[in-house]
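Examining the three-dimensional arrangement
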Amino acid sequence: MNTRVLVSLALLVGIGAVLHAVIPGFFFGMKPDMMLTMMFLGILLFPNKKAVGLVGVVTGIISGMTTSFPGGLLPNIIDKPITAFVFFTLCLLVKKYGQTVVSAAVLTAVGTVVSGTVFLTAALLIVGLPGGAAFSSLFVAVVLPTAVINTVVMVIVYPIVSAIFKRTNMATQA
């Protein structure tokens, strides 16, 4: 992995961290995870195992440090690397159909649902859910709206970033 890839991933994670830190929690301290969108974007632009592992671990740590969810550090550290590799696998499966805005949007929606499921499961098993909230109520109230938000953001951002990366010849192939 070269320096340009590391810098690009660091910028995406940094943007995601700022978005994650400034968005307020709205349901039992949970908030839409905008770091996921940046992590997914990094994986789409640099689809290789090293980059996926790195961005998954770093995103998990930073997301855990900026979460407003009570006891959310460990669930984030567990969630993000798993989600990163699931997303990467899905990317490889749909790659033969081409990387389009539609495929990026669908992958983002599916990836966000996977992330929310892993996060809530880890939170339930490790720290319990706050306020006696049920898994299903948190899933419906937070994960599904986050999937919609992340998908819309990806539809807006992906074409812009991929065009910039194609012009500057920065994106790498798997």
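Right, let's walk through the structure included here. Since this is a predicted model, take the numbers as computed values, not measurements.

Notes on the overall build of the protein
The number of helices and strands found in the protein is six helices and zero strands. Its helices and strands taken in sequence order, the protein reads α-α-α-α-α-α from the N to the C terminus. Relative to the globule expectation of 16 Å for 174 residues, the C-alpha radius of gyration of the protein, 15 Å, shows essentially globular dimensions. Principal-axis analysis of the C-alpha atoms gives the protein an extent of 50 × 30 × 25 Å. For the protein, the residues scored as buried account for 43% of the 174 residues in total. Expressed as a percentage of contacts within the protein between residues at least 6 apart in sequence, the contacts between residues at least 24 apart total 75%. Surface summary for the protein: the accessible area is close to 8,100 Å², and the carbon and sulfur share equals 76%.

Considering the nonpolar core
Ile43 and Leu44 are the most contacted members of the largest nonpolar core, which totals 28 residues. Broken down by secondary-structure element, the contributors of at least two residues to this core are α1 (3-22), α2 (34-45), α3 (49-66), α4 (73-94), α5 (101-126) and α6 (135-168). The biggest single contributor to this core is α2, with nine residues. Look past the residues within four positions of Ile43 in its chain and what remains in contact with it is Val52, Val55, Ala84, Phe87, Phe88 and Cys91. Among the nonpolar cores identified, the runner-up in size contains eight residues, and Phe69, Ala123, Leu138 and Val143 belong to it.

A short note on the environment of Phe135
Examined against the element boundaries, Phe135 turns out to sit in helix α6. Overall, Phe135 belongs to the partly exposed group, its relative accessible area being 29%. Sequence separation between Phe135 and Ala123 is 12 residues, and the spatial gap between their C-alpha atoms is 9.7 Å. With sequence-adjacent residues up to four places away left out, Phe135 is seen in contact with Thr117, Leu120, Thr121 and Leu129.

Structural notes on α4
In a regular helix each residue adds 1.5 Å, so 22 residues correspond to 32 Å; α4 covers 32 Å between its end C-alpha atoms and thus fits that length. If you check which residues of α4 are buried, you get Pro75, Asn76, Asp79, Lys80, Pro81, Thr83, Ala84, Phe87, Phe88 and Cys91. Along its buried surface, α4 packs onto α2, α3 and α5.

Conventions used here
- Residues numbered from 1 in each chain as written.
- Predicted model: local features only at pLDDT ≥ 70, side-chain atom pairs only at ≥ 80, totals over all residues.
- Heavy atoms only, no water.
- Helix = DSSP H or I, 4+ residues; strand = E, 2+ residues; numbered from the N terminus.
- Rg over C-alpha atoms; globule rule 2.2 N^0.38 Å.
- Buried < 20%, exposed > 50% of the residue type's maximum accessible area, 1.4 Å probe, protein only.
- Contact = heavy atoms within 4.5 Å.
- Areas by Shrake-Rupley, 256 points an atom, 1.4 Å probe, with all protein chains shown as cover.
- Core = buried A, V, L, I, M, F, W, Y, C linked by side-chain atoms within 4.5 Å.
- Expected span 1.5 Å × (residues − 1).

Just geometry here; none of it tells us what the structure is for.
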